[in-house]
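The primary structure of each chain is shown beneath.
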Amino acid sequence: PGAESSRHLLQDDSFESSPSSKDVSIPAVPGPCDPEDLIDGIIFAANYLGSTQLLSDKTPSKNIRMMQAQEAVSRIKASDGEPQPMTEVDLFISTQRIKVLNADSQETMMDHPLRTISYIADIGNIVVLMARRRMPRPDTQENEEASDPGQESRRQYKMICHVFESEDAQLIAQSIGQAFSVAYQEFLRANGINPEDLSQKEYSDLLNTQDMYNDDLIHFSKSENCKDVLIEKAKGEILGVVIVESGWGSILPTVIIANMMHAGPAERSGRLNIGDQIMSINGTSLVGLPLSTCQSIIKGLKNQSRIKLNIVRCPPVTTVLIRRPDLRYQLGFSVQNGIICSLMRGGIAERGGVRVGHRIIEINSQSVVATPHEKIVHILSNAVGEIHMKTMPAAMYRLLTAQEQPIYI
């Protein structure tokens, strides 16, 4: 295939699934890689040249996106005539994420869920990864958009562009496009969905008419929801919290305070609540880090007497709204014993706020806490229109219902 075929619009017409077993053969998906390899992840050698930000409309044409990619390359290379410093990296690509590792130290420089990449271009031996970020809007602008639906398409977004150099530039672009397709097929196979029942285009057309209901980025960008909290404690004293993951599917994945030790420093402060998401601690960002890493960072502060947390005030229960026009449209997630265990990236469920690892508490104002698995599946399978759910991280639910003993850090 020529270079043009390796440039892909990804976010608006592609999907990603959560990890699933590989004991059933995977359908062939066109591309340079073995689909099995993309599930495990493949690595390409590259040089990282730098990153820049552009302003963009919500859905520019492919030609406009290609021009944006070229502008990003020009910006990175234009450094007042100075040679551009390069960092040798390993580019890890899978159906889950794209990671950039320092080739020498193997330290993670970037770690993006695959869904956050909205466009990729190869230009000669240059690869540009572009991620779209919506800019927060003033309330007055929201009111204007409500009266002028056409205003939505003119909303400005930030496009964050990462630029790499590699002999395998075209192969990298093609592999990422294939990773989206494999993830979509894997999700369908794991959930028993026949792709012929509903074309990907029909599904994409529906998504284009729906806004994100559970928009973390707007919630997190409002200053009244973000707070710096200073905790004072004795050296050697633990902070006294239990943290759990916010759930796979969060736009800003981080950790949630699930429990606080009675009379411990966190509870004594009176400024933390169960449900608060910790964005950073003593200046170290926790966004996108594994739970075990976040736990280690907090444990490492045991001998500190002052700890500064940046938190976003969130309720412990996540409110979900799924808009499903009719039964032909799959909900886009699967459930086991009340716990969400897989999710279609970009689908109506993720747009509604569904997160992997969360337990369903209510469906349409009806408690399903003690409802058998089969009945939950039946309720969801037959639900159409607006489906309202309340969920919370399963680990938090077990702590709050005393099914599990808290281990404080």
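For the structure given in this document, a descriptive report is provided here. (Residues numbered from 1 in each chain as written. Predicted model: local features only at pLDDT ≥ 70, side-chain atom pairs only at ≥ 80, totals over all residues. Heavy atoms only, no water.)

Focus on unusual backbone geometry
For step 1, the next point in the chain: Even without being glycine, Q106 reaches a positive phi, approximately 65°.
For step 2, the next point in the chain: In the Ramachandran plot, N364 falls in the positive-phi region, its phi being about 50° despite a non-glycine side chain.
For step 3, the next point in the chain: Structurally, N364 is set in the loop between β18 (358-363) and β19 (366-367).
For step 4, the next point in the chain: Assessed through its relative accessible area of 39%, N364 is described here as partly exposed. (Helix = DSSP H or I, 4+ residues; strand = E, 2+ residues; numbered from the N terminus. Buried < 20%, exposed > 50% of the residue type's maximum accessible area, 1.4 Å probe, protein only.)

Notes on the environment of D276
For step 1, the next point in the chain: In this structure, D276 sits in the loop between α7 (265-269) and β12 (277-281).
For step 2, the next point in the chain: Since its relative accessible area comes to 0%, D276 is described here as buried.
For step 3, the next point in the chain: Taking C-alpha positions, D276 is 5.0 Å from C314, a pair spaced 38 residues apart along the chain.
For step 4, the next point in the chain: If we skip the residues at most four places from it in the chain, D276 touches V255, I256, I257, R271, I311, V312, R313 and C314. (Contact = heavy atoms within 4.5 Å.)

Notes on the packing of aromatic side chains
Each pair of aromatic rings is reported with the distance of its centres and the angle of its planes.
For step 1, the next point in the chain: Within this structure, the stated rule accounts for 1 aromatic pair.
For step 2, the next point in the chain: On the numbers, 5.5 Å between centres and 50° between planes, the contact of Y48 with F164 is tilted. In this pair, Y48 sits in strand β2 (residues 42-56) while F164 sits in strand β8 (residues 157-165), placing the two residues 116 residues apart along the sequence.
For step 3, the next point in the chain: You can call Y48 buried: its relative accessible area is 16%. (Phe/Tyr/Trp six-rings, centres within 6.5 Å; stacked < 30°, edge-to-face > 60°.)

Focus: the pairing of strand β11 (residues 255-260)
For step 1, the next point in the chain: For β11, the tally of buried residues reaches 6 of 6 residues, placing the bulk of the element in the interior.
For step 2, the next point in the chain: Summarising the sheet, strand β10 (residues 241-245) and β11 pair through 5 bridges and their orientation is antiparallel. When the sheet's bridge partners are listed, V244 is paired in β11 with I256.
For step 3, the next point in the chain: In the sheet, β11 pairs with β12 via 2 bridges, with the strands oriented antiparallel. (Pairing = 2+ DSSP bridges.)

Observations regarding helix α10 (residues 373-381)
For step 1, the next point in the chain: Here α10 has its buried residues at H373, I376, I379 and L380. The buried residues of α10 occupy an angular sector of 125° when projected down its axis, which confines them to one face. Across from the buried face of α10, at angles greater than 90 degrees, the exposed residues are E374 and H378.
For step 2, the next point in the chain: Among the structural elements, β15 (318-324), β16 (333-336), β18, β19 and β20 (385-393) are those in contact with the buried residues of α10. (Arc of directions from axis to C-beta.)

Points about the pairing of strand β17 (residues 339-343)
For step 1, the next point in the chain: Bridge count for β16 against β17 is 4 bridges, and the pairing is antiparallel. Residue pairing in the sheet places S334 in a bridge with S342 of β17.
For step 2, the next point in the chain: Taking the residues between adjacent antiparallel strands as the criterion, β16 and β17 are bridged by 2 residues, where N337 takes a positive phi near 55°.

Let's talk about the nonpolar core
For step 1, the next point in the chain: In this structure, I93, L129, F164 and I176 are the most contacted members of the largest nonpolar core, which totals 26 residues.
For step 2, the next point in the chain: Secondary structure elements with two or more residues in this core: α1 (35-40), β2, β3 (87-93), β4 (97-102), β7 (126-134) and α4 (169-190).
For step 3, the next point in the chain: The element best represented in this core is α4, accounting for 7 residues.
For step 4, the next point in the chain: In contact with F164, other than residues within four places in its own chain, are A46, N47, Y48, L49, V89, L91, V100, M110, N125, I126, V127 and L129.
For step 5, the next point in the chain: The next biggest cluster of nonpolar side chains, apart from the first, holds 21 residues, and it includes F333, V356, I379 and I387. (Core = buried A, V, L, I, M, F, W, Y, C linked by side-chain atoms within 4.5 Å.)

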